[in-house]
Amino acid sequence: MAVSVSKVLLFGSSSTQFGYSEDGCWVSVIADKLQRKCDVINRGYSGYNTRWARLMLPKLVTKETANDIAAMVIFFGANDSVLKDLNPHQHVPLEEYQDNLSSMITYLKSCGLGSNRIILIGPPPCDEQHWKERMDAEGRPQSKSQEQTALYAKACESVHKSHGTGFVDLYTDMLKAGAEGDSWKSFLNDGLHFSAAGSKFLAERLWQQLEGIVSDIGMIFPDWKTVDYVNPEAVFSAIN
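The text that follows walks through the structure, step by step, so that each part is easy to find. Nothing here was measured: the structure is a model prediction, and the numbers come from that model.

Remarks on the side chain of Thr165
Next up, step 1: Residue placement: Thr165 occurs in the loop between helix H6 (146-163) and strand S5 (166-168).
Next up, step 2: Exposure remark for Thr165: the relative accessible area of 6% places this residue in the buried category.
Next up, step 3: Once you skip the residues sitting within four places of it in the chain, Thr165 turns out to touch Ile105, Ser115, Ile118, Leu120 and His160.

Written out as C-alpha cells, the structure is:
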C-alpha cells in the first residue's frame, strides 16, 4: 500500500501559477518549508477569475480527494477587480465575487474541509502606472484600479469573517509595510505580479496561517540516521 502524503493545495490566478518563477517564488518558499511533510500542489491559472474558478473547483477537489488535503489556499481577486468598461472579459462584479468565494468555501466544507483548513488571500495593491506601461507595450487597455482593488480586498475579508477561514490581507499589509512613500511598489515587478521581495512578503504571511495547520504532520519516512542499516526491512515494513 502506498504511503498517504498530505497536500497543501494552492488555487489561484497568475500570481499562483507563477509561484515557482524567479521573482514570483512564494510557492517555492512554502514548498521548501514543507519538505517531506506535505506535497504543495500549484493550481494557478493565469487570467482566471472567481466566476470560472467556482465552476472548476469540483473538477479539482472531490470528497474522495479532499481526504489528503491538509490545507486549501484560495487566491483570486486581481482579475475580478478589473474595470468592467475596459475589460469585460475578466471583470466580475463585487457582489458576485463575494458570492463565488463563499460558494467555493461551502463546497469545500461539503467535501469535508473545515474552515480552519481554508485560507483566503486577498488581492494585492496595484501600481497603476507601472501596469499601464506593460499594457501599452502589449497594445491593451490599462484596466486596473487601486481604488477598486481595495473594495475587492475588503470583500474577501468579509467572506473570511463570515466563514471563519484563515486570511492574508495582502492589500492592507503591503501598503502598511511600504508606508514610507511608495515603497510598497517594490513588492511588484510589473505593477501587478510579485517581485522577489513581494513573494517573500506573501510567503511569510501565508506561513503564519499555515504553520499551525500542518504542525502535527510528521516527516514522511524516518530520518536516515535512525534507519537500521543492518536490517532496513524492519523499519520500512512497519510503515503504512
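Concerning the layout of surface pockets
Next up, step 1: One number sums up the size of the largest pocket: a volume of about 280 Å³.
Next up, step 2: In terms of lining residues, the largest pocket is bounded by 19 residues, among which Asn79, Gln90, Trp131, Met135 and Arg140 are the most central.
Next up, step 3: When residues of the lining of the largest pocket are assigned to their parent elements, the largest contribution, 3 residues, is made by helix H5 (residues 128-138).
Next up, step 4: Per-class residue counts for the lining of the largest pocket are 8 nonpolar, 8 polar and 3 charged.

Remarks on the pairing of strand S3 (residues 69-75)
It is a general feature of regular strands that their side chains alternate between the two faces of the sheet.
Next up, step 1: The buried count for S3 comes to 7 of 7 residues, which makes it a mostly enclosed element.
Next up, step 2: Here strand S1 (residues 6-12) pairs with S3 via 6 bridges, running parallel. In the sheet register, Gly12 faces S3, and the bridge partner there is Phe75.
Next up, step 3: Each parallel crossover has a hand, and the one from S3 via helix H4 (residues 94-110) to strand S4 (residues 118-121) is right-handed.

The rules we used
- Residues numbered from 1 in each chain as written.
- Predicted model: local features only at pLDDT ≥ 70, side-chain atom pairs only at ≥ 80, totals over all residues.
- Heavy atoms only, no water.
- Helix = DSSP H or I, 4+ residues; strand = E, 2+ residues; numbered from the N terminus.
- Buried < 20%, exposed > 50% of the residue type's maximum accessible area, 1.4 Å probe, protein only.
- Contact = heavy atoms within 4.5 Å.
- 1 Å grid on protein atoms, 1.4 Å probe; cavity = no way out; pocket = protein on both sides within 12 Å on 5 of 7 lines; lining within 4 Å.
- Points joined across faces, edges and corners; volume = space filled by probe spheres on them.
- Nonpolar A, V, L, I, M, F, W, Y, C, P; charged D, E, K, R; others polar.
- Pairing = 2+ DSSP bridges.
- Right-handed = clockwise from strand over helix to strand, strands pointing away.

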